[in-house]
Amino acid sequence: MSESKYNQADPDIPCGLHFDVDHQQFRFWVDDYGVEIESQPTRSEIRSIAEDLPS
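Just so it is clear, the structure is predicted and the values come from calculations on it, not from any experiment. (Residues numbered from 1 in each chain as written. Predicted model: local features only at pLDDT ≥ 70, side-chain atom pairs only at ≥ 80, totals over all residues. Heavy atoms only, no water.)

### As for the overall build of the protein chain
When helices and strands are tallied, the protein chain shows 2 helices and 3 strands. The order of helices and strands in the protein chain, counted from the N terminus, is α-β-β-β-α. A buried classification covers 9% of the 55 residues belonging to the protein chain. When the accessible surface of the protein chain is totalled, it reaches about 5,000 Å², and 49% of it is carbon and sulfur. (Helix = DSSP H or I, 4+ residues; strand = E, 2+ residues; numbered from the N terminus. Buried < 20%, exposed > 50% of the residue type's maximum accessible area, 1.4 Å probe, protein only. Areas by Shrake-Rupley, 256 points an atom, 1.4 Å probe, with all protein chains shown as cover.)

Structure representation (C-alpha cells):
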C-alpha cells in the first residue's frame, strides 16, 4: 500500500488478527470480511489476500 493511500484510509474501520497457535492457523478480518491463513502462506498468497481486502 502506498503512503498516500494509507493516509487516506478510514482510521475507524474495525479489524483484527486471531492466532490459533496450537493449530498454526490465523484469521485476519476487516469489517465483515475475513480470511483464514494457513501456517506458512506464500508471498503470493499474502499478496492475493491483501488485494482482496475491501477498500
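### Concerning the sheet that holds strand S2 (residues 25-30)
Pairing is antiparallel in the open sheet, where 3 strands are placed in the order S1-S2-S3. Edge positions in the sheet fall to strand S1 (15-20) and strand S3 (33-37), since each of these pairs with one other strand and no more. Each strand of the sheet is rotated relative to its neighbour by a mean of 15 degrees, with strand direction disregarded. As paired strands, S1 and S2 are joined by 6 bridges and run antiparallel to one another. Its bridge partner being in S2, Gly 16 is matched across the sheet by Trp 29. (Pairing = 2+ DSSP bridges. Axes fitted to C-alpha atoms, helices over the stretch in contact; angles between N-to-C directions.)

### A word on unusual backbone geometry
The residue Gln 24 is not glycine, and still its phi comes out positive at about 50 degrees. Along the chain, Gln 24 falls in the loop between S1 and S2. Given a relative accessible area of 46%, Gln 24 falls into the partly exposed group. Phi is positive for Asp 31, close to 55 degrees, though the residue is something other than glycine. Looking at where Asp 31 falls in the secondary structure, it is placed in the loop between S2 and S3. Its relative accessible area of 47% is what places Asp 31 among the partly exposed residues.

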